[in-house]
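Close look at the chain arrangement
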Amino acid sequence: MFDLVLKGGTLYDGLGGEGYIADIGIENQQITAIGDLSAAESHSHVDVTGLAVSPGFIDMHTHSDFTLLANKRAESQVHQGVTTEVVGQCGFSSAPAACDHDAQEMSFGFKKGCVEFGWRSFGEYLDRLEARSLGVNVAAFVGHGSLYRAVMGNEKNAPSHQKVQEMAALLDKSIQEGAMGFSSGLEYWPGKLTSPEHVVPLCEVAAKHGVLYATHVRNRDVFYDLGFSEALATARVSGVRLQISHLQPKFGAPENAVPHTLELIASARKLGVDVGFDVIPHTWAHTSMMQILPAWALEGGEDAIRLRLQDPVQREKIKQNPTPMWRLVSANRWQDIVLLYSKANAASVGMSFDEISKQRNVSPYDCVFDLLLEEEEMAAVLWTSKNFSDDDIRLCLSQPECGVISDTLALAPYGVLKEHIGSLSGYGWAARFLQNYVRENAVLSLAEGIRRLTALPAERLGLKQRGQLRQGFYADITVFDPALVKSECSISQPRVYASGIVHVLVNGVFSMFEGKRTESDAGRVLRFNRD
């Protein structure tokens, strides 16, 4: 007897096959039968006729390391059909850590008072996650920045050979404790201090274990080809499996940047490099506003930064930064940069910096500095910008190896996370992908769009028995209406759940039923060599 039968839905296996009508039988967390189960006995059954039945969506690039501890239910993800997410990206992970302060510094979305820290090793961090009933399954990568901080502290120098070896040993230990991969953020501190010879030994550790190396490359604008070539060379030398995160170049890159980058990837594959890539399904880029500051201005922590921003001479020196993280800044395209999150200036959220600066009667650059100074926690201030090209996203999606990611946080519009925001599509990235690039613009078929969200990330990550509707696989399942699935987010209201998602099952348990969140949280921590 089955625990549950989903009856009459249009099944998409996750491998890109066209949909077909069948029933699914679920028992003990797993799919145990697919076909005509009309005569089968079950404890319960749900009619899903006319709806798409898909493997649960897998978000292979998130920054929810901290927010999942603050609110285990992953509301923003579950409400758009996500059943598994992968934290620890762009070189940032909450572990390993030499002290609580380091863990906090390396945790996106950190907010004082909502999580009791105390872990040091990666295994201890996973244990902390595992002690909770999670809304989604969670796999975790080790961040290069976290390894650096654990070994080097706040040093602003590239690591010595000995220090790199210590970082490699710590990575090896973290993978043995369950880390599913290794990530870097070479556009951020401390990634920007490193060279390939500092990263290759770490990638060799990842290669030894067969786990994925995901990188936020050093540059995606004027010198885009140097950043992508460095990633490919690092993989070629180390033998690691490479995932280039959010490949789309930023404002300032030439029009041929994506075609050229795809040529570089094709050439690397001919040399035997295992490389995949992914995109964020919208044209807005987002990051901490502090990233406008050059590396020297970030030294010494927030107290030292405040002193610099209060000094008119230092302000002018900062403005002369020849290579800001966003070329929109040096091009004075302040109308394309929008305040995304600020506790001290919540009324200005959603306004462009052109508008805010005129309202304050100061230059846009000084406006940025003033907003940072007015915030109790500078690192929490976020901004977003029209940095990506939709044509680039479409071209990337036309490649069969291109995945789709959120690059955001698991959030909830209530409780300690109610004011948090990760990106403009944090509550609707998967829904927007299916709405915009599948249904409305037919860049991909529905079957292929589902593959990009399910079997493709599962294969890249090495997840066992997930990502497909297949007998013996875990019953992570998303049931939705392809004609109605839609992101409801906007600049003015970014914390709105997606629509069109009808049912979501995590490990065979309903986390959403008939469009409403249930009380169940059946997610698990997925560990390397165990899951």
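In case you missed it, the structure is sitting above this.
The paragraphs below set out a description of the structure included in this document. (Residues numbered from 1 in each chain as written. Predicted model: local features only at pLDDT ≥ 70, side-chain atom pairs only at ≥ 80, totals over all residues. Heavy atoms only, no water.)

With respect to the packing of helix H8 (residues 224-238) against helix H9 (residues 257-270)
- Packing of H8 against H9 leaves a shortest axis separation of 10 Å and a crossing angle of 20 degrees. Of the possible angle classes, the one that applies to H8 and H9 is roughly parallel. Considering the relative orientation of H8 and H9, their crossing is right-handed. Counted together, Tyr224, Asp225, Phe228, Ser229 and Leu232 of H8 and Ala257, His260, Thr261, Leu264, Ile265 and Ala268 of H9 form the full contact between these two elements.
- Its residues assigned to classes, the contact of H8 with H9 shows seven nonpolar, three polar and one charged. (Axes fitted to C-alpha atoms, helices over the stretch in contact; angles between N-to-C directions. Helix = DSSP H or I, 4+ residues; strand = E, 2+ residues; numbered from the N terminus. Parallel < 35°, antiparallel > 145°, perpendicular 65-115°, else oblique. Left-handed = near helix turned anticlockwise from the far one by under 90°. Contact = heavy atoms within 4.5 Å. Nonpolar A, V, L, I, M, F, W, Y, C, P; charged D, E, K, R; others polar.)

Quick look at the packing of aromatic side chains
- One pass over the structure, following the stated rule, counts 19 aromatic pairs.
- Between Phe66 and Phe110, the aromatic rings sit 5.5 Å apart at their centres with planes inclined by 70 degrees, giving edge-to-face as the arrangement. Taken together, the residues Phe66 in the loop between strand E6 (57-59) and helix H1 (67-70) and Phe110 in the loop between helix H3 (100-105) and helix H4 (122-130) connect sequence positions 44 residues apart.
- With a relative accessible area of 1%, Phe66 lands in the buried category.
- Feature note: the residues Phe66, Phe110, Phe117, Trp119, Phe122 and Tyr125 constitute an aromatic cluster, connected by ring pairs.
- Stacked on the ring of Trp296, the Lys or Arg Lys317 has its end atom at 4.4 Å from the ring centre.
- Directly above the aromatic system of Tyr474 lies the positively charged group of Arg466, at a separation of 4.1 Å from the ring centroid. (Phe/Tyr/Trp six-rings, centres within 6.5 Å; stacked < 30°, edge-to-face > 60°. Buried < 20%, exposed > 50% of the residue type's maximum accessible area, 1.4 Å probe, protein only. Lys NZ or Arg CZ within 6 Å of the ring centre and 35° of its normal.)

Description of unusual backbone geometry
- Note the cis peptide between Ala95 and Pro96, where omega equals -5 degrees.
- Of note, Pro96 is situated in the loop between strand E7 (82-87) and H3.
- At the junction of Trp189 and Pro190, the peptide bond is cis and its omega measures out at 5 degrees in the coordinates.
- Here Pro190 lies in the loop between strand E9 (181-185) and helix H7 (196-209).
- Not every positive phi belongs to a glycine, and Gln29 is a case in point at roughly 75 degrees.
- Structurally, Gln29 is set in the loop between strand E2 (20-27) and strand E3 (30-35).
- Residue Gln29 is classed as partly exposed on the basis of its relative accessible area, which comes to 37%.
- We note that His246 has phi near 30 degrees; this positive angle belongs to a residue other than glycine.

Quick word on the side chain of Arg241
- Structurally, the position occupied by Arg241 is in strand E11 (residues 241-244).
- Within the structure, Arg241 has its side chain in polar contact with the side chain of Asp274 (distance 3.4 Å).
- A distance of 2.7 Å separates the side chain of Arg241 from the backbone oxygen of Arg460, its partner in a polar contact.
- Excluding its chain neighbours within four sequence positions, the residues that come into contact with Arg241 are Gly210, Val211, Leu212, Tyr213, Asp274, Glu459 and Arg460. (Polar contact = N/O pair within 3.5 Å; in protein donor to acceptor, adjacent residues only side chain to side chain.)

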